[in-house]
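Coordinate inspection notes
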Amino acid sequence: MSGRFITFEGGEGAGKSTQLRRLAQALEARGHSVVTTREPGGSPGAEAIRALLVTGATGRWDGLTEALLHYAARRDHLRCTILPALETGQWVLCDRFNDSTIAYQGYGHGAERAGLDALYQMVAGDLRPDLTLILDLPVDVGLTRAGVRNGTPDPAVEDRYERMGTDFHERLRQGFRAIAAAEPDRCAMIDASAGLDDVEAAILAAVRSRLPEA
Ligand code: T5A
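This section reports on the structure supplied with the text. The structure presented is a predicted model; accordingly, all values stated were derived computationally and were not measured.

Definitions and cut-offs
- Residues numbered from 1 in each chain as written.
- Predicted model: local features only at pLDDT ≥ 70, side-chain atom pairs only at ≥ 80, totals over all residues.
- Heavy atoms only, no water.
- Near = heavy atom within 4 Å.
- Polar contact = N/O pair within 3.5 Å; in protein donor to acceptor, adjacent residues only side chain to side chain.
- Areas by Shrake-Rupley, 256 points an atom, 1.4 Å probe, with all protein chains shown as cover.
- Pairing = 2+ DSSP bridges.
- Helix = DSSP H or I, 4+ residues; strand = E, 2+ residues; numbered from the N terminus.
- Axes fitted to C-alpha atoms, helices over the stretch in contact; angles between N-to-C directions.

Topic: the site of the ligand
With respect to spatial proximity, 26 residues lie near the ligand, and among them Glu12, Lys16, Ser17, Thr18 and Thr101 are the closest. Here an oxygen atom of the ligand sits 3.2 Å away from a polar atom, N or O, in the main chain of Gly13. Here an oxygen atom of the ligand sits 2.9 Å away from a polar atom, N or O, in the main chain of Gly15. Contact with the protein chains hides 80% of the accessible area of the ligand, taken as 1,000 Å² for the molecule alone.

Focus on the sheet that holds strand S5 (residues 187-191)
With parallel pairing, the 5 strands of this open sheet are ordered in space as S2-S3-S1-S4-S5. Of all the strands in the sheet, just strand S2 (34-38) and S5 have a single pairing partner and so form its edges. Between one strand axis and the next, the sheet turns by 20° as a mean value, whatever way the strands run. Two strands pair when backbone bridges link them, and strand S1 (residues 4-10) and strand S4 (residues 131-136) are joined in this way by 5 bridges, in the parallel orientation. Each residue of the ladder has a partner; that of Gly10, found in S4, is Leu135.

Laid out in structure tokens, this is it:
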């Protein structure tokens, strides 16, 4: 596979989508062909599963059920979008990937790590991101940026995870930090509490030092 696979991870409102767009522009300006995508979603089948995950009551699934839905969506996303793009030499920038399952369903909801790893192996085999950018910031700052709403869920609003409570979000922040510490060759921690341009500069520096061909 000749393309490069970069994933963006972190808590709610960390700025992943904003910075993913900026990195895509920077890579395209250097002549790379870039595919931007997201999870859950990124292919028609996975987008259909996404609707089940990001709307409705916070307790509608337990951690393992959620994980199974995320892995079903990931399988379709890999087959239909990510692998074809990598095989044709494109750079794939993905807004969330497997580390979100480890953090949210594992650290957040208590799903067993060994089971999550086995499911990942089943859907993705040996594929790993070339680089994972973990955008880290205090939970309250991220939730404020994400514009968290309280009260009765609106079925049209994709805020099911944002409504899960501060303790949940603190657990997954610690989860992302643990993932970065365990895999320093793959993961770069980015201070996402800085301004937009400073975060972009930190991301570009991390990408250029880890993937010099960028
Ligand atoms: N999920 C996902 C799981 O539980 N398990 C999984 O396996 C996977 C793949 C997806 C949900 O699914 C969960 C996690 C998620 O809760 P989503 O809508 O895609 O839902 O949620 P997020 O990815 O969290 O999207 P957000 O929009 O909330 O966060 P982003 O993308 O990190 O933030 P962004 O770029 O949209 O920015 C949010 C706001 O902050 C501002 C932006 O302008 C924007 O208004 N902002 C900044 N403001 C000041 N300074 C900065 N540096 C800023 N950066 C951004």
